[in-house]
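Per-entry structural report
If you want the building blocks of each chain, they are given just below.
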Amino acid sequence: PRVVEVCEAAARMLAAASGADLVDGACMDLSRAREVFHVLRAETFKDKAAILRHADKVKPEMVWQIEQGLELSEAALAQAREGHRQLLLSTADFFANTADILCCPCTMVPPFEVKTRWLRECEGWELRSYIDWLMPTSVLSLTNCPSMSVPCRFTRDGLPLGLQLVAPPGRESELLCAALVL
């Protein structure tokens, strides 16, 4: 709740300062984005199998990621590529018909204890991998849109939070202008 509350306030401020309409809850269809991201990311690790000969010298998350890549089936890759294609279409439709800039949190939670490798749970949701807590940023990387993180506020506890701004492809100047307002 702290992250959402801070980012919503920053988005309202951006809308008020720029004279834009705030379309609450609007977004491209991200329903399959987590799955697509995990599969396509795993694919990039398929050619790193040689690292597994030295598994005792690399972090366990790297071993897990390489194993995920090696276990991928062609069917899973085909489904992920189709899911990515659908996401790109949904993104184009979103920016053509709904919004000029998408505002959302960069992460699910405020900064956490440095000794914590990665979060295992957030608001009752089990996070199954070391990259899951970064999903708000990771899945939007699939859109091929310019994006940036803008420090926007602090939580009530004084922890910094960033608002992620996303613009349609080729509209980097509008993205930078929106960031400047914040």
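As a reminder, the structure under discussion sits directly above these lines.
In what follows, the accompanying structure is described. (Residues numbered from 1 in each chain as written. Predicted model: local features only at pLDDT ≥ 70, side-chain atom pairs only at ≥ 80, totals over all residues. Heavy atoms only, no water.)

**Here's the deal with the overall build of the protein**
From N to C terminus, the protein includes six helices and five strands. The helix and strand sequence of the protein, counted from the amino end, reads α-α-α-α-β-β-β-α-β-β-α. Here the C-alpha coordinates of the protein stretch approximately 55 × 40 × 30 Å along the principal axes. Residues classed as buried in the protein amount to 38% of the 182 residues present. Long-range pairs, those at least 24 residues apart, make up 70% of the contacts in the protein between residues at least 6 apart in sequence. (Helix = DSSP H or I, 4+ residues; strand = E, 2+ residues; numbered from the N terminus. Buried < 20%, exposed > 50% of the residue type's maximum accessible area, 1.4 Å probe, protein only. Contact = heavy atoms within 4.5 Å.)

**Focus on the sheet that holds strand β4 (residues 147–154)**
The strand order across the open sheet formed by three strands is β1-β5-β4, and the pairing between neighbours is antiparallel. Edge positions in the open sheet fall to β1 (102–105) and β4, since each of these has one partner strand only. Across the sheet, the mean angle from the axis of one strand to that of its neighbour is 30°, orientation sign disregarded. Pairing of β4 with strand β5 (residues 160–166), which is carried by seven bridges, proceeds in the antiparallel orientation. Paired with V150 across the strands is L163, a residue of β5. Strands in contact with helix α6 (residues 172–181) are β4 and β5; relative to β4, the strand with the most contacts, it is inclined by about 10°. (Pairing = 2+ DSSP bridges. Axes fitted to C-alpha atoms, helices over the stretch in contact; angles between N-to-C directions.)

**Comments concerning the packing of aromatic side chains**
Counting across every chain of the model gives three aromatic pairs. One Lys or Arg, K48, reaches over the ring of F45 and ends 5.8 Å from the middle of that ring. Lying across the ring of W118, R120 places its NZ or CZ 3.7 Å from the centre. (Phe/Tyr/Trp six-rings, centres within 6.5 Å; stacked < 30°, edge-to-face > 60°. Lys NZ or Arg CZ within 6 Å of the ring centre and 35° of its normal.)

**What to know about the packing of helix α2 (residues 33–43) against helix α3 (residues 60–70)**
Angle between the axes and distance between the axes: these two values describe a pair of packed helices. Interhelical geometry of α2 versus α3 gives an angle of 95° and a closest axis separation of 7 Å. As far as their axial angle goes, α3 and α2 are roughly perpendicular. Only W64, Q65, Q68 and G69 of α3 make contact with α2, whose side of the interface consists of H38, R41 and A42. Among the residues forming the contact of α2 with α3, the class breakdown is two nonpolar, four polar and one charged. (Parallel < 35°, antiparallel > 145°, perpendicular 65-115°, else oblique. Nonpolar A, V, L, I, M, F, W, Y, C, P; charged D, E, K, R; others polar.)

These results come straight from atomic positions and should not be treated as a statement about function.
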